[in-house]
Amino acid sequence: MDDATVAVGGFRGKRRKPRSAAAFGRRWYGYAFVAPVALFLCAVVVVPLAHAFWTSLYRVRGLNTTFVGLGNYVRVLSDDAFWHSLGVSLVFTGCSVALHMLLGLALALLLHALAFARTPLRILFLTPWMVAPAVGATIWLWLLEPQFGVVNYLLRAAHVVSAPVAWLGEPGTALAAVVAVDVWRGVPFVMLLMLAGLQTIPAEQYEAAAIDGASAWQRFRYVTLPNLRYLIVVASTLDIINTIRHYDIIGVMTAGGPAGGTEVLPVLLYNTAFRANHFGEAAAIGVALLVLVLAFSVVYVKLTRLDRQPSA
Amino acid sequence: MMTRSTIRATLAVAFASLAIAPSIAQQPIVLQWQTANLTESQYEPVWKKTIAEFEAANPGIRIEPVLVARKDHWTKFVAAAQAKKAPCIVSVDLTTAAYNGYLMPLDKYWNAEPAAFRNAYSPAMLSAAKWKGHLYGVPIWGGTYADIYNRDLVVKAGLDPAKPPKTFADYIAWGKRLTGNDHWATAVLGGKTDTTTRVLLTWIWANGGEAFNDDMTEATFAKDPKSLAAIKTYLGFAGATGIAAPAPTTTNYLEQTTLFAQGKIATMRNAYWAVAKVEGDNRAMKGKMFVAPNPANVPNAPTLATMTASSISSSCPHPDEAWKFIKFDAGKKWSIERAVVSNWMPLRNDLANDPQIRADPLLAEFVKIGEHARSYPLPSPIWADIAANDIVDAVQRALLAPDKTDEIFRDLDARLTKKLRDI
């Protein structure tokens, strides 16, 4: 038999690779157990992806289609709207993820340090995450309404502004508004992850640091952060993968406007498909977005492998 | 050899099947009906009555309304149509839907109807419901765009309701008198729906301009100097002229009518249905509105009249029954009901002198204004796309950067012309 080197959970070992039919006969039930899930994944992931890629090779006008090969990709990649949308996506994702991590970690530290009311506060902080994204976005849409919205009313009452602010009326403020709503919604998840990580840090490390005269900032920098490093990397990478695919909040609040100021790639895809009825080009945008997400996924896998390998 | 228990079981199943079969056979045909207006409160009492009376007269047919918000109406229809599961009866952008293969031609049903039914519609009205010579919808109702004023605010500003503005300069003079602290003369529509495009077109036509050439192969928003001048005047209301409410890029029909109902703006360019919407928002506004033709810089300038038609989707499995409902809904009774209750203008040419129609002075005025109107949507298969996306995008950019209006609309002309020639 041939020997094969395999990596299992980051630990390298050698396992003999069986070749005999008898050996396969002993293992067939393992494949049988996995088969239903594999079929399900094929049905909900592989088949739609293949169909999307196939659609991207056609010029689709409603129910009329013409094969154009890579023509849709050429059109999309030579369209300024695509590159503008990619830029908006990167800005939206970068700002949202950075704020998710910062505020999530801050809230986790706060909850971890509290000696009382931890559970009710945890539930309170989790509430935005429990609200359906479209519902939350609709609520914020009315809160930010220039003439009748609560936000402008409170700001004017506090004399912070003298005239109503059109939060969703200008590209800059609209992008800031959708980032704020996404942060409101996304922070609880990161907070939960960080809180779980904080609770695994051995108390002895903090005690040792305190004995050595470390300040609060030094304990955070030299004890908390190193212990949370792996979790921060995993959480931020997963958050990037999730945020760059977001449609719901922006779709409800601004539909990508005004003047394309919040038109992230998923919104561009939706508008191209369902407003312009160019399904072939929309599928091409979808494939481009998939490539982008896959790139981040590869980074995620590499980072998790590096962190799990035992040191020499 | 079969045992007794097997024989009994077989007989039991057979009898049960015989009992169920008639009830299965008697299941009514269910037709889905989708139009953006089913979710509007002013239409709700009318469509519920329509369905109830139709089902009572046709026990084998059940109408299932598909309720969807206005801004999602087209996308929901397209998604269903692509899957060949669109609702049977729909009211959508007819030319675009027909071009995409989403609608069924109705010629065979139309031609089979008696002359009395067919003659209720003018040739001009029917031509707006045709694509490549085939009829794809029955005109059901419409809306003529004019200027609706709040009489109290006009009088309070020292203006005479009997002498509304006739030219752009008159309108601006009125606008300045109607604008004050936290209230404005009007609102500029710049939100992401095709209502933005409708109102823009009324201003362009009122200045003698054209947004497209005759065969819709070229856009002339900037190329036509009268069109460009009108655009700058209209969008300037929210800028230099300062007579429009703030945040125009997020102002759609809903925001505009709410502002009007709350007395924040004194006038709005809208159709007759807005009267019912405003009265629904604020009962105190009943009887306090008057309507006037759009001010114009050229004689006999046309306004815009929308035409909504009921169509049958190409994937409908029961087109005969769908036609029955469309014919029922297009009848005189429901046309009058929609006009009186929902304020939707009838498109039948045999109702202009109906006493119930004439009894409403506002409706009568709209009918008169509508005698000189151009049909909307414009006859292009990509109209749904360019009206709600490209033109709105240009309007929003021009509102945010007024000094670049020329450049923005020149780019729009180039982009639209390319799209129109790429059909």
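Quantities reported herein were computed from a predicted structural model and do not represent experimental measurements. (Residues numbered from 1 in each chain as written. Chains lettered and ligands numbered in written order. Predicted model: local features only at pLDDT ≥ 70, side-chain atom pairs only at ≥ 80, totals over all residues.)

J.: I would appreciate a short explanation of the overall build of chain B in the present structure.
T.: A count of helices and strands for chain B gives 19 helices and twelve strands. Each of the three principal axes of chain B carries a C-alpha extent, and together these read 100 × 50 × 45 Å. Here chain B, with 423 residues, has 47% of them falling under the buried criterion. Considering only contacts in chain B between residues 6 or more positions apart, those separated by 24 or more positions represent 75%. (Helix = DSSP H or I, 4+ residues; strand = E, 2+ residues; numbered from the N terminus. Buried ≥ 20, exposed ≤ 12 C-beta atoms within 10 Å, placed from the backbone. Contact = placed C-beta atoms within 7 Å.)

J.: Please explain the domain arrangement of chain A as it appears in this structure.
T.: How big an interface is tends to be stated in terms of accessible area lost as the parts join. Residue and element names in this part refer to chain A. For chain A, the assigned domains read domain 1 (20-72) and domain 2 (75-308). Spacing between the C-alpha centres of domain 1 and domain 2 amounts to 32 Å. Taken residue by residue, the interface counts eleven residues in domain 1 and eleven residues in domain 2. Sorting the residues of the side of domain 1 that touches domain 2 by element identifies helix H1 (21-55), strand S3 (58-61) and helix H2 (71-77) as the ones contributing at least two each. For the side of domain 1 that touches domain 2, the leading source of residues is S3, giving four residues. By residue class, the composition of the side of domain 1 that touches domain 2 is four nonpolar, five polar and two charged. (Domains from an automatic or database assignment. Nonpolar A, V, L, I, M, F, W, Y, C, P; charged D, E, K, R; others polar.)

J.: Can you walk me through the domain arrangement of chain B in this structure?
T.: All names here are of chain B. According to the domain assignment, chain B consists of domain 1 (28-142 + 306-370) and domain 2 (146-304 + 379-421). Centre-to-centre, using C-alpha coordinates, domain 1 lies 27 Å away from domain 2. Contact with domain 1, which involves 18 residues of that partner, is made by 19 residues of domain 2.

J.: So what exactly am I meant to see when it comes to the pairing of strand S6 (residues 138-144) of chain B here?
T.: Residues and elements named next belong to chain B. Counted residue by residue, S6 has seven buried out of seven residues, so it is predominantly covered. Relative to strand S10 (residues 303-312), S6 runs antiparallel, the two sharing six bridges. Paired with Val 138 across the two strands is Ser 310, which belongs to S10. Here two bridges tie S6 to strand S11 (residues 345-346), and the two strands are oriented antiparallel to one another. Bridge pairing in S11 links Trp 141 to Pro 346. (Pairing = 2+ DSSP bridges.)

J.: Teacher, can you tell me more about the confidence of the model for chain A here?
T.: Any residue range with low pLDDT should be treated as having predicted coordinates unsuitable for detailed reading. Scored by pLDDT, chain A has a mean of 88; 91% of the residues are at 70 or more. Scored below 50 in pLDDT, residues 1-12 of chain A makes 18 contacts in the model with residues more than four places away or belonging to other chains. (pLDDT = per-residue confidence, 0-100.)

J.: Hey, could you run me through the nonpolar core in this one?
T.: If you look at soluble globular proteins, the nonpolar side chains tend to sit buried side by side. In this structure, B:Ile89, B:Leu200, B:Ile231, B:Ile265, B:Ile312, B:Ala322 and B:Phe409 are the most contacted members of the largest nonpolar core, which totals 119 residues. With twelve residues, helix H18 (residues 383-400) of chain B is the largest single contributor of residues to this core. For this core, the domains that each give at least three residues are domain 1 (28-142 + 306-370) and domain 2 (146-304 + 379-421) of chain B. Contacts of B:Leu200, omitting those with residues within four sequence positions, involve B:Ile231, B:Tyr234, B:Ile391 and B:Val395. One finds A:Val76, A:Met253, A:Val267 and A:Leu268 within the second-largest nonpolar core, a separate group that totals 46 residues. (Core = buried A, V, L, I, M, F, W, Y, C linked by C-beta atoms within 7 Å.)

J.: Sorry if this is basic, but what is going on with the interface of chain B and chain A here?
T.: With 21 residues of chain B at the interface, the matching set in chain A holds 21 residues. At the level of elements, helix H3 (70-82) and H18 of chain B are the ones that each hand at least two residues to the side of chain B that touches chain A. Here the side of chain B that touches chain A takes seven residues from H18(B), the largest share from any one element.

J.: What's the story with the packing of helix H4 (residues 118-130) of chain A against helix H7 (residues 171-198) of chain A in this structure? I'm lost.
T.: The relative placement of two packed helices comes down to the angle between their axes together with the axis-to-axis distance. All names here are of chain A. Across the interface, H4 lies against H7 with an axial gap of 7 Å and an inter-helix angle of 125°. Judged on the interaxial angle alone, H7 and H4 are oblique. Note on packing geometry: the crossing formed by H4 with H7 is left-handed. Contact residues: H4 offers Phe 125, Leu 126, Pro 128 and Trp 129, while H7 offers Trp 184, Arg 185, Pro 188, Phe 189 and Met 191. Taken together, the residues of the contact of H4 with H7 break down into eight nonpolar, no polar and one charged. (Axes fitted to C-alpha atoms, helices over the stretch in contact; angles between N-to-C directions. Parallel < 35°, antiparallel > 145°, perpendicular 65-115°, else oblique. Left-handed = near helix turned anticlockwise from the far one by under 90°.)

J.: In this structure, what is going on with unusual backbone geometry? I would like to understand it.
T.: Residues apart from glycine generally show negative phi values, whereas peptide bonds are mostly found in trans. Cis geometry marks the peptide bond from A:Gly257 to A:Pro258, where omega comes out at -5°. Turning to its location among the elements, A:Pro258 is positioned in the loop between helix H10 (248-253) and helix H11 (265-275). With phi around 55°, A:Ala255 is a residue other than glycine that occupies positive phi space. Here A:Ala255 lies in the loop between H10 and H11. Using a count of 21 C-beta atoms within 10 Å as the deciding quantity, one classes A:Ala255 as buried. In the Ramachandran plot, B:Met216 falls in the positive-phi region, its phi being about 55° despite a non-glycine side chain. Relative to the elements of secondary structure, B:Met216 occurs in the loop between helix H10 (195-206) and helix H11 (225-236).

J.: What's the story with the confidence of the model for chain B in this structure? I'm lost.
T.: When the pLDDT values of chain B are averaged, the result is 92; 96% of them are 70 or greater. In the predicted complex, the global pTM is 0.82; the interface-specific ipTM is 0.78.

J.: I tried to follow the packing of H18(B) against helix H19 (residues 405-421) of chain B on my own but got confused; where do I start?
T.: Residue and element names in this part refer to chain B. At a minimum axis distance of 9 Å, the contact between H18 and H19 shows a crossing angle of 165°. Taken together, H18 and H19 sit at an angle that is classed as roughly antiparallel. Regarding H18 and H19, the two cross each other, and that crossing is right-handed. Here Ile 386, Asp 390, Ile 391, Ala 394, Arg 397 and Ala 398 of H18 come into contact with H19, specifically with Thr 405, Ile 408, Phe 409, Leu 412, Arg 415, Leu 416 and Lys 419. Residue classes in the contact of H18 with H19 are distributed as eight nonpolar, one polar and four charged.

J.: Please clarify how the sheet that holds strand S7 (residues 146-150) of chain B should be interpreted in this entry.
T.: In a beta sheet, neighbouring strands pair by backbone hydrogen bonds and run either parallel or antiparallel. Residues and elements named next belong to chain B. Spatial strand order, S8-S7-S9: three strands in an open sheet with antiparallel pairing. Where the open sheet ends on each side, the last strands, each with one partner, are strand S8 (267-270) and strand S9 (289-292). The mean angle between the axes of side-by-side strands here comes to 30°, regardless of whether they run parallel or antiparallel. As paired elements, S7 and S9 share four bridges and run antiparallel to each other. By the bridge assignment for S9, Tyr 149 is matched with Phe 290.

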